Amino acid sequence: MSTHPNHSSREDEERESRARRMLRLFALLVGVTWGVAILTNLAVWHLAAQPRYQSNVQMTVGWARIMKPILADAYKPQIEVFGRSWARDAFDPETIGGLTVKRFFNHAVSGGTAYENRRFVQSQLAVNPDLQLAILNVNSFRQRLDEPVAHPGFDPSILNTDAEGRPQNGVSAARAFAITLSGASVGFDIKFADILYRQEVLGQSRFETLASYDRMDYAKRPKVSAARAHIIDGAARTTAASNGDENRLQPDFAIAVKALCDAHVDIAVYETPFSMSSDQCDATKSQGLETYDLIRSLQAHCASRISYYDFNYPNAITMEGVSRPTDKGIFYRSDGHPRPPTGQIMFAAITGSAMPRQADGLQFDPDFGIDLMTLDRDAYRAWAADKGGRCMGKWRPDDLQRLLQSTDSDPGQ
Amino acid sequence: MPFASYAFLAFMAVLLPVYYLAARSGARAARLVLIGASLVFYGYWIPGYLVILVGSIVVNYTLGEIVRARRGTAAGQLLFALGIAANLGLIGWYKYAAFIAESINSLLGFGLDVPHVLLPIGISFFTFQQVGYLVDMSKGQVERSRFLDYVFFIVFFPQLIAGPIVTQAEMLPQLRARTDWRLRAANLMPGIALFSAGLFKKTVLSDMAAPYADKLFSLAASGTHLGPVDAWMAAICYAFQIYFDFSGYSDMAIGLGFMFGFRLPINFHSPYKAAGIRDFWRRWHITLSRFLRDYLYIPLGGSRHGMPRTVLALLGTMTLGGLWHGAGANFVIWGFLHGLALSAAHLFRPIMPKVGEGGPLVRAIKRAAYVLVTFIFVTFSWVWFRAPDVGTALAMTRSMVFAAGTTSFVTFDSGIYPYLPLYFLIVWALPNTNENFRAHRMALHVEMYAERRYLWLLRELLVFRYLKRSVVVTAIAFTVSWFALSNLSPFIYFQF
């Protein structure tokens, strides 16, 4: 045997010849595998692009950073949601379809960052003149300084625009690769095929097959009684209660809003309604005031309408499991993400549609879901102080009575 | 440019035919193509940092030649000392300036400006290679070599950004001896096979464990009290993540080097099979251990000046080794913990039962016990390596040792549980890639690592031969890894 990789002898020549044959076999095997993968991926992609599978596609966890920008371009939605998983799990295209006749697309992705969402908005605007309303989950645009700008799986080469918002080249090639030969395509195929198999072959409903319909079990939440004591009974808190005060609104938010304004697309900005069962309640609403002020300044130079909705305070949705004992949540998944019934209520409030039947029996405040930009700054601060005060158990008697009278009838989803 | 990326695979797809053509026209063209490709590989991340790399190479080569010319003189000694100081200063500025300023501000209440410097990738590795070169030069151990050979020795891309840390004695003789630079199938095929094995370890095995470790460490860092099971699961998941990350990287580096006809030194040899902490450090990051031993531990006194000096040398070496991995108190504590463990191993060695004594069953039981205890210690200490700060590491340590944090309501995603036996099987029972590719002599010094006896079936399945089944296994590993490339986490050792 040779002692050096470049040593030459008869034995080496024989080995070289065997190695050449093996290299050819290796190339053949990899080539055939790629061919099969390309054909399979194209077939699944063809299915995934069909409107009837949009719930499965848009609410699937994983590979959304690759798949959603491409699908959205093909789908040309008129209403589109951008955000992270708090929004992804809330807005089911199928249930939202019952509230509007317009084409709707849920573009939110797991852990979507401010930068990623801004890039998605710009990319979509470059090719979709039909977009009329963009719903921005503002929490996704707030981050700590040490958080990553983008997460693994974010591929800027498949977006229509570069980081500066200018059209970029090579997008078609990058997308062709992403759809046919990337790991994302195979991962997405497997996930999509699994859901399809369970629905079409095993006859399971989408409530059983989509993770967004997972339901919180409040009996397993250790802080429910503490939340009730603080928010309803007014017991003094020993620690500060907030929802991530260290998160700051990133400049990407203003960039995204300006891009939408330039394209004459209306914008609805909303605060995620977080479950109060974790005893985290934003009493100060300082981030809300910052957002209100920023939107006010952006509106001054924007031809389209910017509205602002804050669902994140103790109300009939967020107090589920706290104001009324219940084991299975309607409005939240076990990880605290808002479920599709919550998304329907938010969507109805934002678009002025009729409230969905999940809202039957819920006693909302008269000002629930109002566009806060219709209030002047003092009125907004009064509104925020009133709602934030609830975190400390400071309620108007009528409001508390209304909340406690709420019944959430389980529609079985 | 990480090896486990589509960009790198595209880079290789272009480089191989270009190199093939260049090598047919001569050695010089082949050498220049590889140097040029290595600079492109390095500059892909931040092109501006090429200036630091190239500047460092020019300065060190020039200094080396002057030291050679003036060896034995006071001027030569002074220049040598200046060269070492300059290299350490370069690492110190980029790696530790912010840490030092923050520490001074925090401990002494000063208001020093904290520099925000982006660490040039691989700076520790290419600087350590050059420090070793200067030291060897001062000892008269370096044969005269051409500037291009020196550049090649430092920038050859398989080892440029995360090791192995190659000595001049390992690479320069290969360059001097080489006359035929043509690509050979007998190098390419095993090189591709080892690269594919490494890619599989990284993209499948390491990245499968990573989300669990990330999730639990992130929860701990955010103030959630992890229960003991969650804390140990975090540590074990990270132990497997970093194992397959680094093992995979080392395989890829050696495989890539071999594709072009070069042997890089063995860097990783089943460290979780180690029957003792000294054994662990003979198997984990072998070239770093060697560097620390030769250039730090022995100059600090080594083991030939009595036990107190040995203990001090071990503590000093390992603490600095910890600091090398990252500018943070948790890395220092991690290194110190290993220094303590190594010191204890030295102190108690005379009274500890020897693994090799007794009958086969007794030996097997003793080995298993030593391996288990070593694994538990190493896994426990990884918490200090992975945690973002000392507070998080302390909280997790409390949970692991005192079963604290029982109020945890973390519902741990049990998805990793079915794979844990597989991970243990691989790290404890299966032959490693050094053993599976041993016949091809792809890594330097691989013959020093004994081949264990394995079941016939394992050998038949895993050992790489010029047989169709080996090629099929390689094609499967490569294809699965290719499609697993999405959602990758970066190589852990790139940050060092």
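Our structure is the block above this text.
Here is a short report on the structure shown in this document. These numbers were taken from a predicted model, which means no experiment stands behind them. Here the residue numbering is sequential within each chain, running from 1 through the sequence in written order. The lettering of chains begins at A and the numbering of ligands begins at 1, in the order of writing. Totals for whole chains, interfaces and linings use all residues, but because this is a predicted model, local features are given only for residues with pLDDT of at least 70 and pairs of side-chain atoms are given and counted only at 80 or more. Hydrogens and water molecules were not included; the side-chain quantities draw on all heavy atoms of the structure.

All names here are of chain A. In plain terms, two cysteine sulfur atoms within 2.5 Å form what is called a disulfide here. On inspection of all chains with the given rule, the structure shows 2 disulfides over all chains. A sulfur-sulfur distance of 1.9 Å marks the disulfide that ties Cys281 to Cys391. Where Cys281 bonds to Cys391 through sulfur, the torsion about that S-S bond is close to -65°, and the disulfide is left-handed. Here Cys281 is found in the loop between β6 (266–271) and α12 (286–299), whereas its partner Cys391 is found in the loop between α14 (377–389) and α15 (397–405), with 110 residues between them in sequence. In chain A, the cysteines engaged in disulfides, taken in order along the sequence, are linked 1-3, 2-4. Helix and strand assignments follow DSSP, with helices taken as H or I runs no shorter than four residues and strands as E runs no shorter than two, numbered in order from the N terminus.

Moving on, we come to the interface of chain A and chain B. Pairs of residues are marked as contacts when any of their non-hydrogen atoms sit within 4.5 Å. Tallying the contact residues gives 33 residues for chain A and 31 residues for chain B. Defined here as a combined quantity, buried area equals the accessible surface (1.4 Å probe) lost by two parts on assembly, summed across both. Taken over both partners, the interface formed by chain A and chain B buries close to 2900 Å², and the fraction arising from carbon and sulfur atoms is 69%. The rule for a salt bridge is simple: a side-chain nitrogen of Lys or Arg has to be within 4 Å of a carboxyl oxygen of Asp or Glu. Counting the contacts that link chain A with chain B gives 1 salt bridge. In this structure, the salt-bridge partner of Glu16 of chain A is Arg184 of chain B, at a minimum N-O distance of 3.9 Å. As used in this structure description, the phrase polar contact means that two N or O atoms lie within 3.5 Å; if the pair is within protein, one of them must be able to donate a hydrogen and the other to accept it, and residues adjacent in sequence are counted only when both atoms belong to side chains. For the pair chain A and chain B, the number of links is 4 residue pairs in polar contact (both at pLDDT 80 or more). Only α1 (10–48) and α8 (183–201) of chain A provide two or more residues apiece to the side of chain A that touches chain B. For the side of chain A that touches chain B, the per-class residue count stands at 18 nonpolar, 9 polar and 6 charged. Each residue gets one label: Ala, Val, Leu, Ile, Met, Phe, Trp, Tyr, Cys and Pro are nonpolar, Asp, Glu, Lys and Arg are charged, and the others, such as Gly, are polar.

Moving on, we get to the packing of aromatic side chains. Each pair of aromatic rings taken from Phe, Tyr and Trp, with Trp reduced to its six-membered ring, is defined by centres within 6.5 Å and is described as stacked if the planes are under 30 degrees apart, edge-to-face if over 60, and tilted in the remaining cases. One pass over the full model with this rule turns up 80 aromatic pairs over all chains. Pairing Tyr115 of chain A with Phe154 of chain A gives two aromatic rings, centres 5.9 Å apart and planes at 70°, and the pair type is edge-to-face. Of this pair, Tyr115 of chain A sits in helix α6 (residues 114–127) while Phe154 of chain A is found in the loop between β4 (142–143) and α7 (171–180), placing the two residues 39 residues apart along the sequence. Look at Phe154 of chain A and you get buried, because its relative accessible area is 13%. Ring centres 5.3 Å apart and planes at 45° place the aromatic pair Tyr61 of chain B and Tyr150 of chain B in the tilted group. Separated by 89 residues along the polypeptide, Tyr61 of chain B in helix α3 (residues 50–69) and Tyr150 of chain B in helix α6 (residues 147–155) bring together distant segments of the chain. Neither Tyr61 of chain B nor Tyr150 of chain B differs from the other in exposure class; each is buried. Whether a charge lies above a ring is judged from NZ of Lys or CZ of Arg, which has to be within 6 Å of the ring centre and within 35 degrees of the ring normal. When the ring centre of Tyr313 of chain A is taken as origin, the NZ or CZ atom of Lys387 of chain A, which lies over that ring, is 5.6 Å away. The ring of Trp324 of chain B is capped by Lys95 of chain B, whose NZ or CZ atom sits 4.8 Å from the centre of that ring. Throughout this description, buried means an accessible area under 20% of the type-specific maximum (1.4 Å probe, protein chains only), exposed means over 50%, and partly exposed covers the range between.

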